Structure formats: structure tokens, C-alpha cells
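Each chain is listed here by its residues.
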Amino acid sequence: MNPVLQSLDDAICLFYPRLCLACGKQHLPSKQILCTTCEFLLPRTDFHLFKENDFTRKFWGRVDIQTGTSLFHFLKESKTQNLIHNLKYRGKKEVGVILGKMLGKTLIKSELYQNIDLIVPIPLHFKKEIKRGFNQSDVFAQGLSETMKIPWAKDALERKIFTETQTQKSRIERFQNVIKAFKVKRLELLRNKHILLVDDVLTTGATLEAGAIKILKVRGTKVSLATIAFAKSD
Ligand SMILES: [Zn+2]
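Rules and cut-offs
Residues numbered from 1 in each chain as written. Predicted model: local features only at pLDDT ≥ 70, side-chain atom pairs only at ≥ 80, totals over all residues. Heavy atoms only, no water. Domains from an automatic or database assignment. Contact = heavy atoms within 4.5 Å. Buried area = accessible area lost by both parts, 1.4 Å probe. Polar contact = N/O pair within 3.5 Å; in protein donor to acceptor, adjacent residues only side chain to side chain. Nonpolar A, V, L, I, M, F, W, Y, C, P; charged D, E, K, R; others polar. Donors = N, O, S within 2.8 Å, 3.2 Å for Na, K, Ca; no water. Tetrahedral: all angles 85-135°; square planar, octahedral: opposite > 155°, others 65-115°. Buried < 20%, exposed > 50% of the residue type's maximum accessible area, 1.4 Å probe, protein only. Helix = DSSP H or I, 4+ residues; strand = E, 2+ residues; numbered from the N terminus.

1. Details of the domain arrangement of the protein chain
- Per the domain assignment, the segments of the protein chain are domain 1 (1-41) and domain 2 (42-231).
- If you look at the interface, domain 1 gives 10 residues, while domain 2 gives 12 residues.
- The largest per-residue losses of area from domain 1 upon contact with domain 2 belong to L21, A22 and I33, which jointly make up 55% of the total buried on that side.
- Summed over the shared surface of domain 1 and domain 2, the number is three residue pairs in polar contact (both at pLDDT 80 or more).
- Across the side of domain 1 that touches domain 2, the residue classes tally to eight nonpolar, no polar and two charged.

Okay, structure coming up:
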């Protein structure tokens, strides 16, 4: 940063101190999102060490994936939830990039992620992306891509139907809607590639399952999955 801007940034910090986006307590130097305590204590899953794990188990009998992992465990009212909340609802785009880089650093050390060719984020419906200003899965993919030195394709998949307010529908009806919502837009780009499909939080897995099913229809593709957070219960 330019020295004048840096001093201005430091001055602003005196009046509006930056707080850790996970615990909301510790003050941070510029460009950091986590305090040292949170950085060490946030619950990492370490799923990347095992081809089959609690993450991949959610997809058994549903879709044939190579492997899958999340950076953190997700519990309600936890520090992980604060981070995701800051990313999705408070416009803290940088959270996604930084968490992507954190996961990327662990994946480059795992044999299971050595032959990924392309990173593809789960798209948002364009109306939702305009409202939020960005897609949280895109920024996560960008961070992963920078660290893993693997290209990412923002527009490989497209989300066609607005799949919100489905609470009255059954699980099967909801899933059918999600499947219909995705369309492969960059067929040639995906062909014969091992794709790392990424999203923010894994809960039921319906969104990632639908995205993976669509990608696997393209000849020669393999799919692995990654998310920022992993929620244990459905
Ligand atoms: Zn903290």
C-alpha cells in the first residue's frame, strides 16, 4: 500500500478499530480477518486427509464424487457461523478469498487434490448476486485458485430458476427444483477435467449434488467437492 494511504488507514483504525470477524473482540492489524486465537482455535475438519470422510458420506448413493472436504466445522451461534454471516450478509467479500487461501494451503499438501484441473463455484441466481453484490462461492473459489495455482471458472455453471421460499415443498420436490436450476454453460471447458466444485456451507448437500450431477453429464469429467464449512446434521 502507498505510504500515505497506509497512514490514513492506520488513522482510521484508531477511530474505527477492525475487529476479528469470528470472535468480534480482538483488534486486528489491517488486511487480517481473524485474531491469532481464532486462527488457531477455529474447528478445522482435516477431511482432506481422508478420501472417505463425514463429508463424502453425505453423498453416498446420491452422486459419484472423488472426494470432498470443508475448512471448518459449522455449529449454530459459533465463530464459524459469525465468519459465514460476515461473508454472506455483511458484504465482507475478503472473508471468502482469505478462507479460500487457507483451505488451498492445506489442499496443496494433500495427495487427493493433486490432479484437480479446474475450480468451479456454485452459482447464485443473477438477481440474488446483484442484490448481494457478489457470489460468496466465487470469492472462495478465487482464494483457492490463487493458492493452488489452478484456474477457476466463474461462469461454467448457470443458475436458471430462483430457488428460494421452498419451505412448503417436500425434500424430493426441492431437490428436483435444484436439479432443474443448474445448467452447464461452458461444456467445452469442463470436458475431460477433474473439477473441484465449491460452495459456502455443506448442510443437506442437495445443491452440490445437483451441481455435480450436471457436471458429470459432460464427457470425461470427475468431480471433487469443497466448502468453507461443514454442518453435521441435515
Ligand atoms: Zn477472534
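Moving on from the model shown.
2. Brief notes about the coordination of the zinc ion
- Coordination of the zinc ion by the protein comes from C20 (SG), C23 (SG), C35 (SG) and C38 (SG), over a distance range of 2.3 Å.
- With four donor atoms in place around the zinc ion and angles of 102 to 117° between them, the coordination shape is tetrahedral.
- On the primary sequence, the residues serving as donors to the zinc ion are separated as C-x2-C-x11-C-x2-C. For the pair C20 and C23, one class covers both residues: buried.

3. A short note on the side chain of T45
- Along the chain, T45 falls in the loop between α2 (36-41) and α3 (54-57).
- Assessed through its relative accessible area of 10%, T45 is described here as buried.
- Reaching out from T45, the side chain makes a polar contact with the backbone oxygen of S70 at a distance of 2.5 Å.
- For T45, the residues in contact, after removing those within four places along its chain, are T69, S70, L71, F72, H73 and F230.

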